[in-house]
Every structure is written in C-alpha cells, then in structure tokens.
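# Notes for the structure review
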Amino acid sequence: MLNLVLFGPPGAGKGTQSEKLINKYELIHISTGDLFRAHIKNQSTLGQRVSALIADGQLVPDEITIAMLEEEVDKNPEAKGFIFDGFPRTVPQAEALDDFLKSKDSAITGVIALDVNQEELTKRIAQRQLETGRVDDQADKLQTRIAEYFDKTIHVLPYYEEQNKLSKVNGIGKIEDIFADLCAQVDKY
Ligand code: AMP
C-alpha cells in the first residue's frame, strides 16, 4: 500500500495537490477538514458537536477526529492506499494513525511537507475566502488556525523525521511544477 501524509499549514495547497495525486496513483483521498464540513452541512450529530470549534479555527479534539478518520479508512477495504490530508495534526493523532495502520499490517509510506512562506499563505487564504466564503478563512479565525498549527501541528514533523519518513517540497510556484516535484518524491518510495 502507498499511504501518504500531505502536510502543511492552512493554504499550503494540500487539497489541490491531493486531488491530482489520487488520480495519478489511484489512491483514496481522506481530508478530515472536508469530512467535518460534510458533517456540518448534513447537520449530523458529529457536525453539530464540532461546528463551533471549526468556525472558530480551533482543532477538534483528537478522539473525535481519530474515530472519524478510522471509520473512513475502514469504508475502503480495497484501497491501494490513502492520502491523508489535514491529518494527523497532533502527535497523538500521528501515534494513533501508526497504531491503526499497524493493526492492519500497514504503515505510513512517507510524509511530504509542502513548504510555503507566511506571506504567500495569507495571500492564498484571502483569495480562497473570497471564492468559497469559508468562515474559518476570515482573518481573525485564520489567526487562530495558524496559532493551532504552530502550537500543536508543527510537532508532527519531528515525529516523522525520527522515523526517516519526512521530505519537503517547495509549495510555491505553478501547480503543475509542484505536482511534478511531489510525483518525483512519491516515485522514490
Ligand atoms: P482544513 O480544511 O484541513 O483546514 O480543516 C478545517 C478545520 O477542521 C480545522 O481548522 C479544524 O478545526 C478541523 N480539523 C480538520 N482536520 C483536523 C484534525 N486532524 N484534527 C483536529 N481538527 C481538524
């Protein structure tokens, strides 16, 4: 199985590049942010529990997020592999994912971090806010999301670095060029 984590701060291009990668490598894309937004839209019990946190830009508690992620993986028993986008965002999530995959005789193949500077991220998110109207892309909520990223999510990088699974790709430039760099990395696995 080819199990990839696409890692990066809000606006790094994880969603855009995941879509391209799943087509090329025939993987299942699991974006925890997309899953939460679908729950909120459908007004499910889970959606109601998490909507205020997400609107505010805070992370959803690990146990809720991990349970949702595992359920989604289990829906795809025939998958050739997965791209995890927006997950793991905390070290306990990364540990839970390792344990979960191990229980299926599988593992994370590699983690690719998209490298984008703060100025570019702010520009992209302002543009996305105009296009999609995502409430958590508004300037004040975005500050909370960035704070969550530097407080909790950044620690996931050394976790994978210690396992020799981390690589970085420049996330600035043309979408096609970034995609080519990502594919070059994936082809090395
Ligand atoms: P995203 O679309 O990945 O930026 O996610 C949107 C929001 O969903 C985040 O700001 C969090 O509130 C929530 N979320 C998504 N993935 C996770 C995760 N792995 N852990 C906790 N909260 C998450």
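Description of the structure in this document. Keep in mind that this is a model prediction, so the values were computed, not measured.

## Digging into the environment of Tyr189
- For Tyr189, the location among the structural elements is in the segment after α9 (175–188).
- Judged by relative accessible area, Tyr189 falls into the partly exposed class, the value being 36%.
- Taking C-alpha positions, Tyr189 is 31 Å from Leu59, a pair spaced 130 residues apart along the chain.
- Once residues lying within four places of it in the same chain are set aside, the contact partners of Tyr189 are Leu2, Leu4, Thr109, Gly110, Val111, Ile112 and Ser167.
- A distance of 3.5 Å separates a polar atom in the side chain of Tyr189 from a polar atom in the side chain of Gln185.

## Observations concerning the packing of helix α2 (residues 32–41) against helix α3 (residues 45–56)
- One way to put it is that α2 packs onto α3 with a least axis distance of 8 Å and a crossing angle of 115°. Crossing geometry of α2 relative to α3 is assigned as left-handed. Where α2 abuts α3, its residues Phe36, His39 and Ile40 lie against Leu46, Gly47, Val50, Ser51 and Ile54.
- Class assignment for the residues of the contact of α2 with α3 results in 5 nonpolar, 3 polar and no charged.

## Examining the layout of surface pockets
- Reported here for the largest pocket is a volume of approximately 1000 Å³.
- What lines the largest pocket is a set of 49 residues, among which Lys14, Arg89, Arg128, Arg134 and Arg145 lie closest to the centre.
- Mapped onto the lining of the largest pocket, the elements with two or more residues apiece are β1 (2–7), α1 (14–25), β2 (28–31), α2, α6 (118–132), α7 (139–151) and α9.
- Broken down by class, the residue content of the lining of the largest pocket amounts to 17 nonpolar, 19 polar and 13 charged.
- Within the residue set of the lining of the second largest pocket, elements represented by two or more residues are β4 (110–115), α6 and α7.
- Considering every element that reaches the lining of the second largest pocket, the biggest residue donor is β4, with 3 residues.
- Class assignment of the residues belonging to the lining of the second largest pocket gives a composition of 10 nonpolar, 2 polar and 2 charged.

Rules and cut-offs
- Residues numbered from 1 in each chain as written.
- Predicted model: local features only at pLDDT ≥ 70, side-chain atom pairs only at ≥ 80, totals over all residues.
- Heavy atoms only, no water.
- Helix = DSSP H or I, 4+ residues; strand = E, 2+ residues; numbered from the N terminus.
- Buried < 20%, exposed > 50% of the residue type's maximum accessible area, 1.4 Å probe, protein only.
- Contact = heavy atoms within 4.5 Å.
- Polar contact = N/O pair within 3.5 Å; in protein donor to acceptor, adjacent residues only side chain to side chain.
- Axes fitted to C-alpha atoms, helices over the stretch in contact; angles between N-to-C directions.
- Left-handed = near helix turned anticlockwise from the far one by under 90°.
- Nonpolar A, V, L, I, M, F, W, Y, C, P; charged D, E, K, R; others polar.
- 1 Å grid on protein atoms, 1.4 Å probe; cavity = no way out; pocket = protein on both sides within 12 Å on 5 of 7 lines; lining within 4 Å.
- Points joined across faces, edges and corners; volume = space filled by probe spheres on them.

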